[in-house]
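# Examining the three-dimensional arrangement
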Amino acid sequence: MSVSPTANRLRQRARPLTDAELASIPWLHGLEADARSRARETLMVSEAEPGDYICRVGRPATYWLGLIDGLLKMSNDDSRGPIMTFTGLAPGGWFGEGTALKREAYRYNVQALRRSRVAGLPIDTFHWLLDNSIAFNRFVMHQLNERLGQFIAAREIDRISDPDVRVARSLANLFHPGLFPGVGQVLRITQQELAYLVGLSRQRVNQALAHWERQGAIAVEYGGLRVLDLAALRRAGSDGPV
């Protein structure tokens, strides 16, 4: 199987992580000393430009991947019909553990929406850690459980017709503290990027953001959004009209 031009570019840009980048990886510091040393030696990071594919349907998984900085989207195979976005991927999030566990080809695309720094742990190191680190196993089990909840929530969002509720629930997913610990209270995202993730027009997303800002749930800042009431975003639509 040939290697895509994007994959070649990402590999050419790859470098070891800085100390600050290593410090941002949520699972690394809880590992046993030998496991942490093995992971640090093999972790790499690369810069993805907007539109670059980090994962492509049918390509074999060679790394377990994490987002240091930027914004990604996970979607279906666009060659077989309209694009369906499964989820957004925000800073601090690691993804593809199910594919890495099974050593299979990707069944989804992951694409950069903005310039992004993406870290990778070689799949052989991933499996070594599974075999030798209890702490790593616990993290991966927790990750799989949280991911299942995320995709159940995504299916619920797909069935919501109210645009304000769709935007609120989608934002709540991106501010998930377990899956995306690097976000904190501020997510760097434009209205157009959020529109791509939610499946609405930029104008309608703008109206929804204004609605939730009036409700005191978010604050729209230059280049991003600050969450003020995550619980309100999560329960949007369950309490009737807001």
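As the structure is a computational prediction, the values presented were derived from the model and not from experiment.

### Side note on the overall build of the protein chain
- Looking only at helices and strands, one finds ten helices and eleven strands in the protein chain.
- Expected size for 242 residues packed as a compact globule is a radius of gyration near 18 Å; at 18 Å, the protein chain falls within 12% of this value.
- Along the first, second and third principal axes, the C-alpha atoms of the protein chain reach 50 × 40 × 30 Å.
- Here the protein chain holds 242 residues, and 48% of them are scored as buried.

### A few points about the pattern of salt bridges
- With the rule as written, the count across this model stands at eleven salt bridges.
- Among the ionic pairs, aspartate 52 bridges to arginine 13, the shortest N-O distance being 3.3 Å. A residue pair is termed long-range when its members are at least 10 positions apart, and aspartate 52 in the loop between strand 1 (44-48) and strand 2 (53-55) and arginine 13 in helix 1 (residues 5-13) qualify at 39 residues.
- By relative accessible area, arginine 13 is classed as partly exposed at 30%.
- Residue lysine 102 pairs with glutamate 104 through a salt bridge whose shortest N-O separation is 3.5 Å.

### Considerations on the sheet that holds strand 7 (residues 109-112)
- The strand order across the open sheet built from four strands is 2-7-4-5, with neighbouring strands paired in antiparallel fashion. A strand with exactly one partner marks an edge of an open sheet, and here the two such strands are strand 2 and strand 5 (85-89). Across the sheet, the mean angle separating the axes of adjacent strands is 25° when strand polarity is ignored.
- Across four bridges, the pairing between strand 4 (residues 72-75) and strand 5 is antiparallel. Note on strand 5: the bridge partner recorded for methionine 74 is threonine 87.

### Some remarks on the nonpolar core
- One finds Trp27, Ile54, Leu121, Phe136 and Leu194 to be the most contacted residues of the largest nonpolar core, which totals 70 residues.
- The element contributing the most residues to this core is helix 7 (residues 163-174), with six residues.
- Dropping the residues within four chain positions of it, tryptophan 27 is found in contact with Ala39, Leu43, Trp64, Trp94, Leu121, Leu129, Phe136 and Phe139.

### Some remarks on the domain arrangement of the protein chain
- According to the domain assignment, the protein chain contains domain 1 (5-150) and domain 2 (161-235).
- Its C-alpha centre places domain 1 at a distance of 24 Å from the equivalent point of domain 2.
- For the pairing of domain 1 and domain 2, the buried interface totals around 1400 Å² over both sides, and the portion due to carbon and sulfur atoms is 65%.
- Counting across the interface, domain 1 meets domain 2 through one salt bridge.
- Across the salt bridge formed by arginine 114 and glutamate 193, the nearest N and O atoms sit 2.9 Å from each other.
- Applying the counting criterion to the domain 1 and domain 2 interface returns three residue pairs in polar contact (both at pLDDT 80 or more).
- At the level of elements, strand 4, strand 5 and helix 6 (134-158) are the ones that each hand at least two residues to the side of domain 1 that touches domain 2.
- In terms of residue class, the side of domain 1 that touches domain 2 is made up of eight nonpolar, seven polar and four charged.

### Here we look at the layout of surface pockets
- Counted as a void, the second largest pocket has a volume near 350 Å³.
- Together, 16 residues line the second largest pocket, and Met74, Gly98, Thr99, Tyr108 and Phe151 are the ones closest to its centre.
- If you list the elements that add at least two residues to the lining of the second largest pocket, you get helix 4 (97-102) and helix 6.
- Counting residues per element, the lining of the second largest pocket draws most heavily on helix 4, which supplies four residues.
- Considered class by class, the residues forming the lining of the second largest pocket number eight nonpolar, three polar and five charged.

### A short note on unusual backbone geometry
- Here arginine 103, not a glycine, exhibits a phi torsion of approximately 50°, which is positive.
- With respect to the helices and strands, arginine 103 occurs in the loop between helix 4 and strand 7.
- Taking relative accessible area as the criterion, arginine 103 reaches 46% and is therefore assigned partly exposed.

### Observations concerning the sheet that holds strand 11 (residues 224-227)
- Reading across the sheet, the three strands line up as 9-11-10 and stay open at both edges, with antiparallel pairing between neighbours. Of all strands in the sheet, those bounded by a partner on one side alone are strand 9 (186-187) and strand 10 (218-221).
- Along the sheet face, helix 9 (residues 202-214) touches strand 10 and strand 11 and points at about 125° away from the line of strand 10.

### So, the side chain of glutamate 97
- Checked against the element boundaries, glutamate 97 lands in helix 4.
- A relative accessible area of 2% means that glutamate 97 is categorised as buried.
- There is a polar contact of 3.3 Å between the side chain of glutamate 97 and the side chain of arginine 147.
- Setting aside chain neighbours within four positions, we find glutamate 97 in contact with Trp64, Phe126, Gln143, Leu144 and Arg147.

Calculation notes
- Residues numbered from 1 in each chain as written.
- Predicted model: local features only at pLDDT ≥ 70, side-chain atom pairs only at ≥ 80, totals over all residues.
- Heavy atoms only, no water.
- Helix = DSSP H or I, 4+ residues; strand = E, 2+ residues; numbered from the N terminus.
- Rg over C-alpha atoms; globule rule 2.2 N^0.38 Å.
- Buried < 20%, exposed > 50% of the residue type's maximum accessible area, 1.4 Å probe, protein only.
- Salt bridge = Lys/Arg side-chain N within 4 Å of Asp/Glu carboxyl O.
- Pairing = 2+ DSSP bridges.
- Axes fitted to C-alpha atoms, helices over the stretch in contact; angles between N-to-C directions.
- Core = buried A, V, L, I, M, F, W, Y, C linked by side-chain atoms within 4.5 Å.
- Contact = heavy atoms within 4.5 Å.
- Domains from an automatic or database assignment.
- Buried area = accessible area lost by both parts, 1.4 Å probe.
- Polar contact = N/O pair within 3.5 Å; in protein donor to acceptor, adjacent residues only side chain to side chain.
- Nonpolar A, V, L, I, M, F, W, Y, C, P; charged D, E, K, R; others polar.
- 1 Å grid on protein atoms, 1.4 Å probe; cavity = no way out; pocket = protein on both sides within 12 Å on 5 of 7 lines; lining within 4 Å.
- Points joined across faces, edges and corners; volume = space filled by probe spheres on them.

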